[in-house]
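Examining the three-dimensional arrangement
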Amino acid sequence: MSARTRVEARTRRSIARYPSVTSLPINHTVLERFLRYVVIDTQSDPTSPTCPSTEKQKDLGRVLASELRDMGLKDAHLDEHGYVYATIPATTSKKVPVICFCSHMDTAPDCSGKNVKPQVVKNYQGGDIALPGDKAQIIRVSEHPELANQIGNDIVTTDGTTLLGADDKAGVAEIMDAAKFLIDNPQIKHGTIKILFTPDEEIGRGVDKADLKKLGADFAYTLDGSTAGQLEDETFSADGATIVIQGVSTHPGTAKGKMEHAIKIASRIIDALPKDTCSPETTEGREGFVHPTGISGALENATVQLIVRDFTEQGLRQKAAMLQDIIDGVMKDYPRSTYTLTIKEQYRNMKQVLDDHPAIVDNAAEAIRRAGLKPVRSRIRGGTDGSRLTSLGLPCPNIFAGGHAFHSRLEWVSAQDMQAAVRTIVHLAMIFEEQAA
Ligand SMILES: [Zn+2]
């Protein structure tokens, strides 16, 4: 048992000892919702130019909008781009900030999401879980140590032939269940709550057509994290870099002393990148990197695409300067060739913004505590819908949704962790109302 596992086991015992912490009268239907949503295929497609990238994502969007309308949310709708919006009206006369809860409806292109056959292992008693549809697929305790914290819980898996889609239909089901609870219990005081379900998060386009003006929220939370209790308030800052090289073309038969080959220049630039540091394969934790993601070219022109990642602006600037130095060094040997280096901002570490609004993250931590869990803050070596929303002016940390082994056939989530996320949402709404004047 790892130190972290011990902490979590202790946390779970404390839930039993302090039942009042979790004693919201929630009649949980989150599992039943989740099972309903995962069988709807919503795989996104990075090669499609449309929004949503796949029309089938709207199948789930239509179900969600209709269920929200049935709950009584009159403005609930699916828009033409595949986004679902809805408003839970305030139950208080206090001036409470407008909170949005957000999850993505699509599943990853890496693994099939068609004909998902969810299985529920009720009252899990430990041990490996063999998936019935493919004997080679086994969720092993040795590879999934979080299973040790799930004894007695109901664990949902697939049959082993597809992904499950807990990423992020767990988040969708949790927000839906919390909405239902809040609507059915108007005695619970909260401000206006906005719901946003997005398509195409897995292909990096989840925010492209989000209408933040229409949404009208002051800040948001994505429910798209993993282990129960997790709260992520930090992501990479990200730039894209494009190098376009203009070489000198001549007939190869008469090229001596004249030709400057754009492909060879591009190769030399890539070869000059650091070998033992500053790459995804040599870094972890807080370290950033410069990473080529594409190259194309011919004799006369070549283009190299790279991504630059760091947790700080200063780190991004240093890496851009390093890239510039490398290019200048190589270009000295090609006096008649030219190049351009364009750096484009992609997204920024949400912490830069969230640090200015400490209540957003602190209240989420408090809500997780009230839901009976120990909040664990962590950072993401990547971006989320939330980092882009934060960049666009809607501060948005990420709360756990409970799923594990994302994008794989071994994906799993427990009903109890999803219930904890539902409680977290409800408590969070209550906390902001308590604090309001
Ligand atoms: Zn996700």
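Structure report, in brief.

A few points about the layout of surface pockets
Of the pockets and cavities examined, the largest pocket occupies roughly 620 Å³. Contributing to the lining of the largest pocket are 29 residues, with Glu201, Asp224, Ile380, Gly383 and Thr384 lying nearest its centre. Of all the secondary-structure elements, those providing two or more residues to the lining of the largest pocket are strand 9 (219–225), strand 10 (230–235), strand 14 (338–347), strand 15 (376–380) and helix 10 (385–391). Element by element, the count of residues in the lining of the largest pocket is highest for helix 10, at 3 residues.

Some remarks on the packing of helix 3 (residues 57–71) against helix 4 (residues 166–184)
Running from amino to carboxyl end, helix 3 crosses helix 4 at an angle of 10 degrees, the nearest separation of the two axes being 10 Å. Looking at the two axes, helix 3 sits roughly parallel to helix 4. In this structure, helix 3 crosses over helix 4, and the sense of that crossing is right-handed. Touching Leu60, Leu64, Glu67, Leu68 and Met71 of helix 3 are Lys169, Val172, Met176, Ala179, Lys180 and Ile183, all from helix 4. Looking at the contact of helix 3 with helix 4 residue by residue, the class counts come to 8 nonpolar, no polar and 3 charged.

What about the coordination of the zinc ion?
Bound to the zinc ion are the protein donor atoms His104 (NE2), Asp167 (OD), Asp224 (OD) and Asp224 (OD), situated 1.8 to 2.6 Å from the metal. Binding-site remark: the zinc ion is held by donors from one chain whose sequence spacing is H-x62-D-x56-D. You can see Asp167 sitting in helix 4 and its partner Asp224 sitting in strand 9, a full 57 residues away along the chain. The residues Asp167 and Asp224 share a single accessibility class, namely buried.

Quick word on the pairing of strand 3 (residues 99–104)
With 6 of 6 residues buried, strand 3 is to be regarded as a mostly interior element. As defined by bridge partners, strand 3 adjoins strand 8 (residues 193–198) across 6 bridges and the pair is classed as parallel. Bridge pairing links Ser103 to Phe197 in strand 8. Note that strand 3 and strand 9 share 4 bridges and pair parallel. Each residue of the ladder has a partner; that of Ile99, found in strand 9, is Phe219.

Looking at the sheet that holds strand 11 (residues 237–246)
The pairing of strands in a sheet comes from backbone hydrogen bonds and takes either a parallel or an antiparallel form. What the 4 strands build is an open sheet, ordered 12-13-11-14; its pairing is antiparallel. Two strands close off the open sheet at either side, each with one partner strand: strand 12 (289–297) and strand 14. Strand-to-strand twist in this sheet, taken as the mean axis angle between neighbours without regard to direction, amounts to 20 degrees. Relative to strand 14, strand 11 is paired through 9 bridges, and the arrangement is antiparallel. If you follow Val244 over to strand 14, its bridge partner there is Thr340. Those strands touched by helix 6 (residues 262–271) are strand 11, strand 12 and strand 13 (301–310), and its axis lies near 20 degrees from that of strand 13. Along the sheet face, helix 7 (residues 313–331) touches strand 11, strand 12, strand 13 and strand 14 and points at about 165 degrees away from the line of strand 14.

Observations concerning the environment of Gly285
Tracing the sequence through the fold places Gly285 in the loop between helix 6 and strand 12. In this structure, the C-alpha to C-alpha distance between Gly285 and Pro145, residues 140 residues apart in sequence, is 21 Å. If we skip the residues at most four places from it in the chain, Gly285 touches Phe311, Arg379 and Arg381.

Points about the pattern of salt bridges
Under the criterion given, the structure shown has 26 salt bridges. Notably, a salt bridge pairs Arg370 with Glu434, separated by 2.8 Å at the nearest N-O pair. With Arg370 in helix 9 (residues 358–370) and Glu434 in helix 11 (residues 415–435), this pair connects stretches of sequence that are 64 residues apart. Using a relative accessible area of 42% as the deciding quantity, one classes Glu434 as partly exposed. Taken together, the shared-partner salt bridges in this structure form one network comprising Glu32, Arg33, Arg36, Glu67 and Asp177.

Parameters at a glance
- Residues numbered from 1 in each chain as written.
- Predicted model: local features only at pLDDT ≥ 70, side-chain atom pairs only at ≥ 80, totals over all residues.
- Heavy atoms only, no water.
- 1 Å grid on protein atoms, 1.4 Å probe; cavity = no way out; pocket = protein on both sides within 12 Å on 5 of 7 lines; lining within 4 Å.
- Points joined across faces, edges and corners; volume = space filled by probe spheres on them.
- Helix = DSSP H or I, 4+ residues; strand = E, 2+ residues; numbered from the N terminus.
- Axes fitted to C-alpha atoms, helices over the stretch in contact; angles between N-to-C directions.
- Parallel < 35°, antiparallel > 145°, perpendicular 65-115°, else oblique.
- Left-handed = near helix turned anticlockwise from the far one by under 90°.
- Contact = heavy atoms within 4.5 Å.
- Nonpolar A, V, L, I, M, F, W, Y, C, P; charged D, E, K, R; others polar.
- Donors = N, O, S within 2.8 Å, 3.2 Å for Na, K, Ca; no water.
- Buried < 20%, exposed > 50% of the residue type's maximum accessible area, 1.4 Å probe, protein only.
- Pairing = 2+ DSSP bridges.
- Salt bridge = Lys/Arg side-chain N within 4 Å of Asp/Glu carboxyl O.

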